[in-house]
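Each chain is listed here by its residues.
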Amino acid sequence: MATPHQGNWLILKRLARYLIGAPSIVQSFNWQNVERSSCTFADSDWAGDKVSRKSTRCGMMFIGEHASKSCSSNQSTIAISSAEAELHALLKGASQSLGLRSMAADFGDVLKGSISCDASAAIGIAHRQGLGKLRHVNVQWLWIQSKVRDKEFKVSKVNGKDNPADMFTKHVCKDDIDKHTRFLNCYVVEG
């Protein structure tokens, strides 16, 4: 079993291998009309940390085609199921999106919000009312149900291969990383 120290070295080694082929990545912001909506992509692995068994979650927030914020971190609790891990990521993405929308409101812009994830179970939990047959999910996580019901958020499914948050939660091939970085309006600069 790997120690936390060994796990960090493996992550750094993997990152270094990628950066050798892409020493500098530049993000561009193309001109776009004033946007009135934000879209957040959320994803999670399940028990991806081999030592703590915690899941990694990621949220990527867009205003139009501009990636305005991204966050990736270990979840604070150990998820009992992949649905719970994905729901946790969906909730974190929703709360980050609320913060982005609040900041836009401070500047006088009212944004509508949508959240996309690749987990049908998390989307199903967000659209229902109450726990249903789930007994292991923390009740405070169900606040997203009222947000969806009040139409503050539209929650939809995105194919896992098309979810840019995927590259921050699990190992993806170089072609997928390149596709996601293009989606983020990023390009590699040599030197």
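Residues numbered from 1 in each chain as written. Predicted model: local features only at pLDDT ≥ 70, side-chain atom pairs only at ≥ 80, totals over all residues. Heavy atoms only, no water.

**Focus on the sheet that holds strand S6 (residues 153–157)**
By way of backbone hydrogen bonds, the strands of a sheet pair with one another, either parallel or antiparallel. With respect to topology, 5 strands assemble into an open sheet ordered S4-S3-S2-S5-S6, the strand pairing being mixed. Of all strands in the sheet, those with a lone pairing partner are strand S4 (66–74) and S6, marking the two edges. Shown here is a sheet whose adjacent strand axes are inclined to one another by a mean of 20 degrees, direction ignored. Across 5 bridges, strand S5 (residues 112–117) lies against S6 in parallel orientation. Looking at S6, one finds that Ile-115 is bridged to Val-155. (Pairing = 2+ DSSP bridges. Helix = DSSP H or I, 4+ residues; strand = E, 2+ residues; numbered from the N terminus. Axes fitted to C-alpha atoms, helices over the stretch in contact; angles between N-to-C directions.)

**Some remarks on the pattern of salt bridges**
The final tally for this structure, using the stated rule, is 7 salt bridges. With a shortest N-O distance of 2.7 Å, Lys-170 and Asp-43 are connected by a salt bridge. Residue Lys-170 is located in the loop between S6 and helix H5 (174–183), and its partner Asp-43 is located in strand S2 (residues 37–44); the two are separated by 127 residues in the primary sequence. Beyond isolated ion pairs, a larger network of salt bridges with shared partners links Asp-43, Asp-166 and Lys-170. (Salt bridge = Lys/Arg side-chain N within 4 Å of Asp/Glu carboxyl O.)

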